[in-house]
Amino acid sequence: MAMGLLVTRGTERHGGRTGRAAFRLLALALATALGLVVGGVEASSADAASVCAGRPAKTVKFSTGELRVYRTRSYACAVAVAAKPGKRRPMSVQIQPRGGRPVIDSGSFTQQAGPVTVHALNRCVRASGTISGKTGTTGWILC
């Protein structure tokens, strides 16, 4: 029991130093991240929209944007990207594995709807994206 008290005292005595060291480490990490952002690391709009993991599997273009479907070994992911980002407008994207329920993201967005991801190991999937009332659909793919 005395040993537990000794550990508690040791923790209290050194807690201030550990807290300051953690704060310094956090401040250094934030300064480094800020330096990277301010220093000119840029992302194009195409990079910003590629938030799904995996390789591109299918792209369906339609008048107001495009539907992009990506694939990894076990998962499929979809995102609907506006052709002209800007003002808020209704957008939605959905992806559905065969025999499963669709996963949907919808709302009023400026650039994209999604990403939405489903488990698709050995399963076909279908996806659709809608931007301002115009829709693009894949049908069953990745079979």
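The shown structure was predicted, so the numbers you read here are calculated from the model rather than taken from an experiment.

The rules behind the values
- Residues numbered from 1 in each chain as written.
- Predicted model: local features only at pLDDT ≥ 70, side-chain atom pairs only at ≥ 80, totals over all residues.
- Heavy atoms only, no water.
- Helix = DSSP H or I, 4+ residues; strand = E, 2+ residues; numbered from the N terminus.
- Buried < 20%, exposed > 50% of the residue type's maximum accessible area, 1.4 Å probe, protein only.
- Contact = heavy atoms within 4.5 Å.
- Areas by Shrake-Rupley, 256 points an atom, 1.4 Å probe, with all protein chains shown as cover.

The subject of this paragraph is the overall build of the protein. Summing up its helical and strand segments, the protein has two helices and eight strands in all. When the helices and strands of the protein are read in sequence order from the N terminus, they spell out α-α-β-β-β-β-β-β-β-β. In the protein, which comprises 143 residues, the proportion classed as buried is 28%. Once local pairs closer than 6 in sequence are excluded, the contacts in the protein between residues at least 24 apart make up 46%. Accessible surface, the protein as shown: approximately 9,500 Å² in total, 58% of it carbon and sulfur.

Now for unusual backbone geometry. Following Gly-114, the chain continues to Pro-115 via a peptide bond in cis, the omega torsion being 15°. Among the structural elements, Pro-115 can be located in strand β6 (residues 112-119). One non-glycine residue, Asn-122, lies in positive phi territory at about 55°. With respect to the helices and strands, Asn-122 occurs in the loop between β6 and β7 (125-131). Overall, Asn-122 belongs to the exposed group, its relative accessible area being 77%.

This paragraph deals with the environment of Ile-104. Inspection of the secondary structure assignment puts Ile-104 in strand β5 (residues 103-109). The sequence separation of Ile-104 and Thr-117 amounts to 13 residues, and the corresponding C-alpha distance is 9.3 Å. The residues touching Ile-104, leaving out its near neighbours within four places in the chain, are Val-93, Gln-94 and Val-116.

Everything listed is a geometric property; what it means functionally is a separate question.
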